[in-house]
Amino acid sequence: KPYFCSQFTQFDLCHSGDTVGIMANFSDCGKHCSDPYCKQQDLLPFDCDACGKAFCSQHFKYEAHQCSKGRSDKDRRVIVCPLCDMAIPRTGDENVLFEAHMASGACVPKVKTEKPRCPVKGCREKLTF
């Protein structure tokens, strides 16, 4: 039969063999896992930073709970165009992105200009003025 030690914690009497002990009842603590097939109650649930739902230790990874957002919100990788040195956000296949970048007209290849060199015969020094 449960009894209350304080106004916040409920305790149950635990009978094991000849001894009687007190065991805390934590049925109102924690959250249930948001995975539809798990629903396990966890005292320390993980909150997914992409979808905001609470999950147990087995379902907290994006792949484990089939997160619709997953890493797409956190992905900051880019492809650098070798012609114009522009950063292109990586959202799919690199070849398709590069071709779309080339076709969009935003890719203006840089013209490499050589720095003037010293006019003295045999000197390879670049001029800096």
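Above this note sits the structure.
Just so it is clear, the model here is predicted, and its values are computed rather than measured.

Enquirer: Pulling in residues and values, what's your account of the side chain of H59?
Expert: Within the secondary structure layout, H59 lies in the loop between β7 (54-55) and β8 (78-80). On the accessibility criterion, H59 (15% relative accessible area) is buried. If near-sequence neighbours (up to four positions away) are discounted, H59 is found in contact with C33, D35, C38, A64 and H65.

Enquirer: Please give an account of the pattern of salt bridges that cites residues and values.
Expert: On inspection of all chains with the given rule, the structure shows two salt bridges. With a shortest N-O distance of 4.0 Å, K31 and D47 are connected by a salt bridge. Pair noted here: K31 is in strand β4 (residues 31-32) and D47 is in strand β6 (residues 46-47), with a separation of 16 residues, a long-range link. Residue classification places K31 among the partly exposed residues on the basis of a relative accessible area of 45%. On the basis of relative accessibility, which here comes to 51%, the residue D47 falls in the exposed class. Measuring nitrogen to oxygen at the nearest pair gives 3.4 Å for the salt bridge that ties E94 to R90.

Enquirer: With reference to specific residues and values, describe a positive patch on the surface.
Expert: Together, K115, R117, R124 and K126 make up a region of like positive charge exposed at the surface. Here R117 is to be found in the segment after α1 (94-104). For R117, a relative accessible area of 43% corresponds to the partly exposed category.

Enquirer: Any chance you could break down the environment of F46 for me, citing the residues and the numbers?
Expert: Tracing the backbone shows F46 in strand β6. When its relative accessible area of 37% is taken as the criterion, F46 is described as partly exposed. Along the chain, F46 and C33 lie 13 residues apart, while their C-alpha atoms are 8.8 Å from each other. Not counting the four nearest positions on each side in its chain, F46 is found in contact with K53, A54, F55, C56, S57 and F60.

Enquirer: Requested: an account of the environment of F60, with residues and values cited.
Expert: In this structure, F60 sits in the loop between β7 and β8. Here the alpha-carbon distance between F60 and D35, two residues 25 residues apart in the chain, equals 9.4 Å. In contact with F60, other than residues within four places in its own chain, are F46, F55 and H65.

Enquirer: So what's going on with unusual backbone geometry? Residues and values would help.
Expert: In this model, K39 sits at a positive phi of 55°, which is unusual for a non-glycine residue. Topologically, K39 is positioned in the loop between β4 and β5 (41-42). On the basis of relative accessibility, which here comes to 47%, the residue K39 falls in the partly exposed class. At Q66, a residue that is not glycine, the phi angle is positive and equals roughly 45°.

Criteria and cut-off values
Residues numbered from 1 in each chain as written. Predicted model: local features only at pLDDT ≥ 70, side-chain atom pairs only at ≥ 80, totals over all residues. Heavy atoms only, no water. Helix = DSSP H or I, 4+ residues; strand = E, 2+ residues; numbered from the N terminus. Buried < 20%, exposed > 50% of the residue type's maximum accessible area, 1.4 Å probe, protein only. Contact = heavy atoms within 4.5 Å. Salt bridge = Lys/Arg side-chain N within 4 Å of Asp/Glu carboxyl O. Patch = residues over 30% accessible without salt bridge, like charges linked within 9 Å, V, L, I, M, F, W, Y side chains within 5 Å. Areas by Shrake-Rupley, 256 points an atom, 1.4 Å probe, with all protein chains shown as cover. Lys, Arg positive; Asp, Glu negative; His and termini not counted. Charge placed at Lys NZ, Arg CZ, Asp CG, Glu CD.

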